[in-house]
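In case you want the letters, here they are:
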Amino acid sequence: MSNTTEHEALAPPRPRHHKGVYDALVIGGGLVGSAVAFGLRQKVDHVAVLDEGDIAFRASRGNFGLVWVQSKGMGMPAYGHWTMSSQALWPELARLLNEITGLEVGLEQQGGLHPVLNEEEYEQRIKFMTTLMGQPGMVKYDWKMLDHKELKDLVPGIGPEVVGATHTSVDGVANPLKMLRALHTAFDRQKVDYLPLHPVGEIEQKNGVFEMTTPHGVIRAHKVVLASGLNNQTLGNKVGLSIPVRPQRGQIVVLERTRRMLHTPFSTLRQMDEGTWLIGDSQEEAGYVDGIVGLPVLATLADRAVRTMPALKHVRVVRSWSALRVMSKDGFPIYEQSATHPGAFVATCHSGVTLAAAHALRIAPMVIDGALPDTMAPFSTRRFHVQQAA
Amino acid sequence: MFNRLPEAQQALALAPVVVTINGETVRCRAGDSVAAALLAAGLNECRDTAVKDLPRGPFCLMGICYDCLVMIDDQPNQQGCMIPVRSGMKIERQQGAREVQA
Amino acid sequence: MIATTHCELLVVGAGPAGLAAATTAAQHGVATILLDEQAAPGGQIYRAMTSTPILDRKILGEDYWHGESLLEPFKQSGAQYLPGATVWAVAQMTVADATQGFEVGYSVGGEARMLHAKQIVLATGAQERPFPIPGWTLPGVMTAGAAQVLLKSSGLVPGKGTILAGCGPLLYLIAWQYLNAGIKVDALLDTTPPGRLGKALRHAWGFLTSPYLVKGLKLLREVKAQVRIVKGVTALEALPGDAQKGHAQERNAQNNQALQSVRFTAGGRTETLAATQLLLHQGVIPNINLAQAVGVEQQWNELLLCWEPKVDSWGGTNVPGVSIAGDGGGIAGAWAAEHRGRLSALQVAHQLGKLTAAQRDAASAAPRAAFMRAVQGREFFDTLYQAPEQFRLPTGDTIVCRCEEITAAQVRETVSLGCPGPNQMKSFLRCGMGPCQGRFCSVTVTELIAQERNVTPQEVGHYRLRFPTKPLTLGELAALPQTDDSKKAVIRLKKPV
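What you are looking at is a predicted structure, and each value in this text was computed from that prediction instead of being measured.

Thresholds, definitions, all that
Residues numbered from 1 in each chain as written. Chains lettered and ligands numbered in written order. Predicted model: local features only at pLDDT ≥ 70, side-chain atom pairs only at ≥ 80, totals over all residues. Helix = DSSP H or I, 4+ residues; strand = E, 2+ residues; numbered from the N terminus. Rg over C-alpha atoms; globule rule 2.2 N^0.38 Å. Buried ≥ 20, exposed ≤ 12 C-beta atoms within 10 Å, placed from the backbone. Contact = placed C-beta atoms within 7 Å. Pairing = 2+ DSSP bridges. Axes fitted to C-alpha atoms, helices over the stretch in contact; angles between N-to-C directions. Expected span 1.5 Å × (residues − 1). Nonpolar A, V, L, I, M, F, W, Y, C, P; charged D, E, K, R; others polar. Parallel < 35°, antiparallel > 145°, perpendicular 65-115°, else oblique. Left-handed = near helix turned anticlockwise from the far one by under 90°.

Q: How should the overall build of chain B be read in this particular structure?
A: Across its full length, chain B holds two helices and eight strands. Going from N to C terminus, chain B has its helices and strands arranged as β-α-β-β-α-β-β-β-β-β. Here the C-alpha atoms of chain B give a radius of gyration of 13 Å, agreeing with the 13 Å that 2.2 N^0.38 yields for 102 residues. Overall, chain B is about 40 × 25 × 20 Å in size when its C-alpha atoms are taken along their principal axes. A buried classification covers 55% of the 102 residues belonging to chain B.

Q: Would you mind showing me how to read the overall build of chain C here?
A: Looking only at helices and strands, one finds 19 helices and 23 strands in chain C. For chain C, whose C-alpha radius of gyration is 23 Å, the value lies close to the compact-globule estimate of 23 Å for 497 residues. Projected onto its principal axes, the C-alpha positions of chain C cover 70 × 60 × 40 Å. Across the 497 residues that make up chain C, the buried fraction comes to 60%. The long-range fraction of contacts in chain C, counting pairs at least 24 apart against all pairs at least 6 apart in sequence, stands at 70%.

Q: I tried to follow the sheet that holds strand β15 (residues 316–328) of chain A on my own but got confused; where do I start?
A: Sheets are built from strands that pair by backbone hydrogen bonding, the pairs being arranged parallel or antiparallel. Reading across from one edge, β13(A)-β14(A)-β12(A)-β15(A)-β23(C) is the order of the five strands in this open sheet, with antiparallel pairing throughout. Looking at which strands have only one partner, the edges of the open sheet turn out to be β13 (269–271) of chain A together with β23 (472–473) of chain C. Strand direction decides the pairing type here: β15 of chain A and β23 of chain C, joined by two bridges, are antiparallel. Pairing of Val317 of chain A across the sheet is with Leu472 of chain C, part of β23 of chain C. Here helix α7 (residues 295–308) of chain A sits on the sheet in contact with β12 (245–255), β13, β14 (277–279) and β15 of chain A, set at roughly 55° to β12 of chain A.

Q: Sorry if this is basic, but what is going on with helix α11 (residues 334–351) of chain C here?
A: An α-helical turn contains 3.6 residues, so a residue and the one three or four places further along point in the same direction. Residues and elements named next belong to chain C. Between its first and last C-alpha atoms α11 spans 26 Å; for 18 residues at 1.5 Å apiece the expected length is 26 Å, and the two agree. Among the 18 residues that make up α11, 17 are buried, leaving the element largely enclosed by the rest of the structure. Phi turns positive one or two residues past the end of α11, at Gly353, with a value near 85°.

Q: Looking at this structure, how should I read the interface of chain A and chain B?
A: Bring the parts together and some accessible area is lost; that lost area is often taken as the interface size. The partner chain B presents nine residues to the 13 residues of chain A that form the contact. Among the residues forming the side of chain A that touches chain B, the class breakdown is five nonpolar, four polar and four charged.

Q: Could you clarify how one ought to interpret the sheet that holds strand β6 (residues 164–168) of chain A in this entry?
A: All names here are of chain A. The three strands are arranged β4-β6-β5 in an open sheet whose pairing can be described as antiparallel. Whereas interior strands pair on both sides, the edge strands pair on one side only; in this sheet they are β4 (112–116) and β5 (144–147). Strand-to-strand twist of the sheet, defined as the mean angle between neighbouring strand axes without regard to direction, takes the value 30°. As paired strands, β4 and β6 are joined by five bridges and run antiparallel to one another.

Q: I keep staring at unusual backbone geometry and nothing clicks. Help me out?
A: A negative phi angle is the norm for most residues apart from glycine, just as the trans form is the norm for most peptide bonds. Cis peptide bonds are those with omega within 30 degrees of zero, and the linkage from Phe467 of chain C to Pro468 of chain C qualifies with -5°. Its place among the elements puts Pro468 of chain C in the loop between α17 (457–460) and β23. Even without being a glycine, Asn207 of chain A presents a positive backbone phi close to 50°. Topologically, Asn207 of chain A is positioned in the loop between β9 (202–206) and β10 (209–214). What makes Asn207 of chain A exposed here is the crowd of 4 C-beta atoms within 10 Å. Of note in the backbone geometry, Glu405 of chain C takes a positive phi value of approximately 60° without being a glycine. Note on placement: Glu405 of chain C falls in the loop between β21 (399–401) and β22 (406–407).

Q: Quick question: what am I supposed to make of the interface of chain C and chain A here?
A: Contacts between the two partners involve 44 residues from chain C, matched on the other side by 53 residues from chain A. Listed by contribution, the elements that provide at least two residues to the side of chain C that touches chain A are β4 (85–92), β5 (102–108), α15 (422–429), β23, α18 (474–478) and α19 (484–490) of chain C. Among the elements that line the side of chain C that touches chain A, the one with the most residues is α15 of chain C, at five residues. Split into classes, the residues belonging to the side of chain C that touches chain A amount to 22 nonpolar, 15 polar and seven charged.

Q: Even after reading the chapter, I still don't get helix α6 (residues 169–180) of chain C, so can you show me in this structure?
A: Residues and elements named next belong to chain C. Taking 1.5 Å per residue, twelve residues should reach 16 Å; α6 reaches 17 Å between its end C-alpha atoms and fits that length. Of all twelve residues that make up α6, nine are buried, and the element is covered over most of its length. Gly182 sits one or two residues past α6 and shows a positive phi near 85°.

Q: Hey, could you run me through the packing of helix α14 (residues 408–416) of chain C against helix α16 (residues 442–453) of chain C in this one?
A: Packed helices, taken two at a time, are described by the angle between their axes plus the distance between the axes. Residues and elements named next belong to chain C. Across the interface, α14 lies against α16 with an axial gap of 9 Å and an inter-helix angle of 45°. Considering the angle they form, α14 stands oblique to α16. Seen along the crossing, α14 lies across α16 with a hand that is right-handed. Contact with α14, carried on its side by Ala408, Val411, Arg412 and Val415, involves Val445, Leu448, Ile449, Glu452 and Arg453 of α16 and no other residues of that element. Looking at the contact of α14 with α16 residue by residue, the class counts come to six nonpolar, no polar and three charged.

Written out as structure tokens, the structure reads:
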């Protein structure tokens, strides 16, 4: 990354609305960064988003689009609460975006299913959910293991091998691409300076103002939020934040459009509002390799989808995605503010759609207030040091 | 409208392949693709698009545009230009996005 | 389960490059398989040469029938040939295996199979360049290449009201082939800009000494004598409804809209012709999807205005074990393609230890010389027939992405929202996400974004393509072999996070 001074800066690719110091700035224009930036703009006037180029390790593009509560929080009940709070705020986020842009983001909160395909999976799932919900301090919601017969009423076409599925009414889905589009359209309408091709080289704090060095010159802001996924680690070091994240590959199979028939999404199979189908998801520790799609994983994904809904076997696979999730050590989000650089925050997670509402409507106001409240303590990186000491 | 040259017409007359297109019986030349048979029968369009419900017909004839999609023997979204006609084949317009039979 | 085949060399595509490559490789002892998606060999340029109903050789012309010379050597070579096989994935081996190489996913008759190959030669050729004019998605509008397929494969010729439009030798070739068959098209609307000939003449020396010259001039003369040719066409629209009355109906609004007329402007005059068939052509571009999905780097060709894979003089790419022969590696024509196929095969034979470097160099002298002769004069053509800007950079309601029905205005507006490149564009608009996987919109989208951002196409970049490069059913994919690792990655009985 170049260390150009303002004097030597290249002509920026897009003119900025605001030339001075921003009230708040987000580094990273994916789902997390864009949701935070949107939320910030509802509180303050001058907001910027610094993004990279067209080809970056864009986790957001591989997103399944679940707004999912079920299964979350084993080992950290606070995460269960956090997820539920986002679920509850999602309609408000969708309404705000629609009001500002006229666009819909495909939010459907009609419940969700986690399928099990044999007796072993059935037993394991009940055990897991029981343990999860039994954790002290865990958020409460109704869940039920539906048997095959009950499933058949809910999902016509369910495969005979699907012995059951855990159902909650709080789960749902949104359209992640429509989300991104709506957020960016909102930026345009509300004059947020979305600046692509502005990778950040250095961050310094001088007299309380953060200075980000980019190839197009230095950009300044009173507050900065790191939301650049896998890049948070490098940037965090510059503002006294140690953010251990690693890439975890996920692959998704995409089917062509069909007439809409699946209205209750599975965690592994859903039909988008416009008719295409998504099949997920894999978890592979494959390093920084998001370009190569592995055939055996696609076969396993396809196989399970066909068992879940046999009628799909004639529908055509048109694409696969391979994207890198941003994984912390324990898989839970990291929200933290810097002790050495007050005003610098980090927000990272791998459930960018589920948590978008919390990011926009809870994290952003916290950033403006200048501090994360104590309730957010479980999400700081101090939890890793505690683990190490133990 | 596409017409057969005499040599092709003779081949058809010698050994016609009989199919139905939208319910009507049509005689084709063995070896013709479904798309070619449609065009020879005077049909420039074969489907309605999934997004805006607009008519489309074969465009590239070499298997890469996916505009020649038709229903063949009740199977939706078949590429007409890549499939040869077969005796008794039922060819129908592909109307928008396909159905999934639950 | 499905058995997996093994070979040393897989050649994809049975056009001139693929046939020649497979022949040469097998002749040098390489265990070779040739997969092609069509039912018979020939690719597009020699399409249906073994099955065409047109037995009168004067109709298609001798250049077409030259393709036959590739068949007998191929049959004798010992290479295996599997027609009707569509390759949809070429992946580097995911299993730690003593044999390096590639896992190839392909489908035959609705059944997916896998094959392992140490080396791959992609010979997937070229495709028609997109020609985004208003109304280009109307039924009745096709590519000139499509018309050629109908002629060669089925002996079909268009009826009354047929118009050819665009630029490039193929338009004149097909007009000539139709004349030979007794068919006269209503008009040939030539979009080659006036003054372009002067620009191209700088390269005329190469052209004058090339084999294309004599054939080309004769063909041109015959077509000009019998077909109405309009030169210097600067605007072109395909219209539904009777535009001769002076009204153009709402193009996007109603159903049941098919081509009824073609409106064009040339030399300052606008004219409308009734039409039932409009055949468009403005050059060909490499078919890059498989190459790009396997990781081959692409570069923007400033003269031909398209993406092409970066290849060395043997067709080798940045992906070890993958080489490209023929027009898929950069447009150079059918004659050049077969020589490039031979050169790629010789390099593969050397890399597999069947030939020493010296033997390879000796054997390649003749094909390389033939290749140089075959490309003489191409710069003249490429300059003369470069697709004009207004037919590459649409505006307004003109469709850019045919599959998802996205317009030029939508693409341009999305750039103004800050979208820097085609992959973000996909995210915003679904542009390029349809079944054709960007084949008919990639170059348009790259150039539109470049124009809106005022940067080069090279800087804008191209769609990142992934497997499958052609659709296959979920059931087919589900039947392929899984591994312990793949099951562990997907079926997680421990807590998901």
